[in-house]
Amino acid sequence: MKKIYPNKAVCIGCHLCEVACVTAHSKSKDIILAHNVEKAQEGLAPRRNVAQEGPVCVALSCRHCEEPMCVAACISGALTKNPETGRCEYNEEQCVGCWSCLMACPFGSIRRHPVKEKIIKCDLCAGRDMPACVEACPNAGLIYEDRGKD
Amino acid sequence: MKYVIVGNGVASVGAIEGIRRADPDGEILVISEESTPTYGRPLISYLLAGKIGPERMPLRPITFYDKFKVKMALGSKVVSLDAKAKTVSTDDGNTHPYDKLLLATGGVPFVPPLPGKDGSGVYSFTTLANAETLVDVAKNCKTAVVVGGGLIGLKAAEALHDRGVKVSIVELAPRVLSAAFDDKAGGLVAKRLAEVGIDVHCGTQATEIKRDESGTIVGVHLKDGSFLPAQAVVIAIGVVPAAALAKDAGIKVDRGVVVDERLASSDPAVFAAGDVAQAKDLILDDNRVVPIWPNAFNQGFYAGKNMAGADSPYLGGLAMNSIAFYGLPTVSVGIVNPAPGEAGIELSETLDEENATYRKLVFKDGKLVGYVLVGDIDNAGLYTGFIRFKFPLDADTKAKLVSGCPSILQWPEGFFDEKFNPVGAQEIV
Ligand SMILES: Cc1cc2nc3c(=O)[nH]c(=O)nc-3n(C[C@H](O)[C@H](O)[C@H](O)COP(=O)(O)OP(=O)(O)OC[C@H]3O[C@@H](n4cnc5c(N)ncnc54)[C@H](O)[C@@H]3O)c2cc1C
Ligand code: SF4
Ligand code: SF4
């Protein structure tokens, strides 16, 4: 399957991927409304986050594991592995906010929704051909391609 | 190939998904005593609390069983296993042959020989049916006592409290969740429970369930001399592996069904997974029964793959619990209470009582082997990663973990690219 591969050698920590993620997951799809209104009112937050240690940085999000620990841990069935697409899918309706997945994912890819008792997680921009973060990166720091059997 | 799975808990769902990774067509039959398709067992406390409705209970969409080509025999209990003939027989008179059998029978609630336990008003809390019963009980019940302050007991107490019942918890150990917490974490949680009005009595035990002449429960006597008035008692001391089928068939059973790295029992055609199994532990390098959800799913998944012929060793389970108490989230993973005087252990504890946050890290031989987080749990997954991948830690990294700042960029050189940015076609876990 196609996944997003982050390259820490070229990431400059500009956070544009986060901006694109927030906009893509907003209701308005408008960069200003998304950041200045929906963020405050609805707790809209990025699913991709830049990690920084000294001079090194890299933009991380769910890696859609072949054998996802989050799916194993999910008590409600909100997280499932789609056998056809290989994506690790999240259904917010089902989630009860138990944080089991947040504890189990060894990559720290799951976050709490800022206001709801729900989680947020990368969905590879369901419905778009190219994830918004990949499109937004000025340095090809995120590559969306198929590198293996899954 | 004909697969038979006994039980339809989460281990069973894991097994179905595991089998289908390796064998798209083999016949799968699931036989289960409970008559509903697999539901989120931990969700029964959310149902009892009224937080979710019955439509939210199923763990997978109803189309799941068709899509994965699974036949279901629900409401049917397996009463015997003939390992020689490779058949199982059910209480409704059927006999099913198998090539590979999975025992995913879970656990049965343990009820101690407590005087007064027999009769009306005493309940367990492990099934959907139990939760439905307690929804009705709660309507006409002012006070209840929950015997057992482990995960299930706390969940039952919380849910009954949400239904307007005044609840007291009785726990033998000096703190609630004694295995997953230490005294500091237990203390913060007990304080939170007291604030919302749930009484916690630790370090004592129920000695008798008192009934009046008509047999109606009036309360519970404790060893410390006190008496807790109650109309209902929930016994939630723990579950014991439902291993009788295996034992009677001559399969090796210790505390649970003993399984190897492929999740196979002493009989190569019989596998076991979940609360019934005594399987490998990631840290302890030994087989243990750790009755938690993620282990049950993973063991089922690996059992499934191996039953279907994939040679896929199970790396071992990791004890983990995530529970929130009225807005106070807690996470506990791995070894949190090392034996006193154990060699190579180093502890770090950061307690902020005012803000109800606590972070405890347990290191062994320079690696992270366990942690407890109360209040601030946002970095839990990253800490879990350090345990799961068994990274050796230099002083700098250790200091960062201790100060509450774990990061993927602290991983050893090369490991980041292996997991996040591998080159070319390779198996990606
Ligand atoms: C209230 C509650 C809350 C919990 N919360 C958490 C939590 O937050 N996190 C966590 O990690 N764990 C939690 N757990 C524990 C978790 O639910 C179990 O570890 C998990 O359900 C085990 O799954 P399993 O598939 O091994 O067995 P089970 O879910 O117990 O399923 C076994 C099934 O097999 C059937 N069965 C047994 N014997 C037979 C037979 N002879 N013939 C036919 N069918 C049979 C049973 O009826 C049952 O349906 C909780 C448990 C409870 C009760
Ligand atoms: S959330 Fe974590 S465990 Fe789940 S698929 Fe993504 S990276 Fe893997
Ligand atoms: S927080 Fe939601 S998605 Fe995560 S394990 Fe719990 S129910 Fe599943």
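Values in this document were obtained by computation on a predicted structure and should not be read as measured data.

Caption draft 1: The site of ligand 3, seen in detail. What surrounds ligand 3 is a group of 13 residues, the closest being C74, S76, C95, C98 and C101 of chain A. Partitioning the shell around ligand 3 into residue classes produces 10 nonpolar, 3 polar and no charged.

Caption draft 2: Main features of the sheet that holds strand β21 (residues 287-288) of chain B. All names here are of chain B. The 3 strands lie next to each other as β18-β20-β21, forming an open sheet whose pairing is mixed. Of all the strands in the sheet, just β18 (257-258) and β21 have a single pairing partner and so form its edges. Relative to β21, strand β20 (residues 277-280) is paired through 2 bridges, and the arrangement is antiparallel. Looking across to β21, one finds that A279 is bridged to R288.

Caption draft 3: Inspection of the domain arrangement of chain A at higher detail. Residues and elements named next belong to chain A. Examined at the domain level, chain A breaks down into domain 1 (1-61 + 130-150) and domain 2 (64-121). Each partner contributes residues to the interface: domain 1 has 12 residues there, and domain 2 has 13 residues. Approximately 930 Å² of surface area, both sides summed, lies buried where domain 1 meets domain 2, with 53% of it carried by carbon and sulfur atoms. At the junction of domain 1 and domain 2, the tally comes to 0 salt bridges. Summed over the shared surface of domain 1 and domain 2, the number is 2 residue pairs in polar contact (both at pLDDT 80 or more). When the residues that make up the side of domain 1 that touches domain 2 are grouped by side-chain class, the tally is 4 nonpolar, 3 polar and 5 charged.

Caption draft 4: Molecular detail of the domain arrangement of chain B. All names here are of chain B. Taken domain by domain, chain B consists of domain 1 (2-107 + 240-307), domain 2 (122-237) and domain 3 (327-420). Computed from C-alpha coordinates alone, the two centres of domain 1 and domain 2 are separated by 30 Å. Tallying the contact residues gives 13 residues for domain 1 and 13 residues for domain 2. Regarding the contact of domain 1 and domain 2, the summed buried area is about 1,100 Å², with carbon and sulfur atoms giving 69% of it. Looking only at domain 1, the three residues that lose the most surface to domain 2 are I44, S45 and L48, adding up to 52% of its buried area. Linking domain 1 to domain 2 there are 1 salt bridge.

Analysis parameters
Residues numbered from 1 in each chain as written. Chains lettered and ligands numbered in written order. Predicted model: local features only at pLDDT ≥ 70, side-chain atom pairs only at ≥ 80, totals over all residues. Heavy atoms only, no water. Near = heavy atom within 4 Å. Nonpolar A, V, L, I, M, F, W, Y, C, P; charged D, E, K, R; others polar. Pairing = 2+ DSSP bridges. Helix = DSSP H or I, 4+ residues; strand = E, 2+ residues; numbered from the N terminus. Domains from an automatic or database assignment. Contact = heavy atoms within 4.5 Å. Buried area = accessible area lost by both parts, 1.4 Å probe. Salt bridge = Lys/Arg side-chain N within 4 Å of Asp/Glu carboxyl O. Polar contact = N/O pair within 3.5 Å; in protein donor to acceptor, adjacent residues only side chain to side chain.

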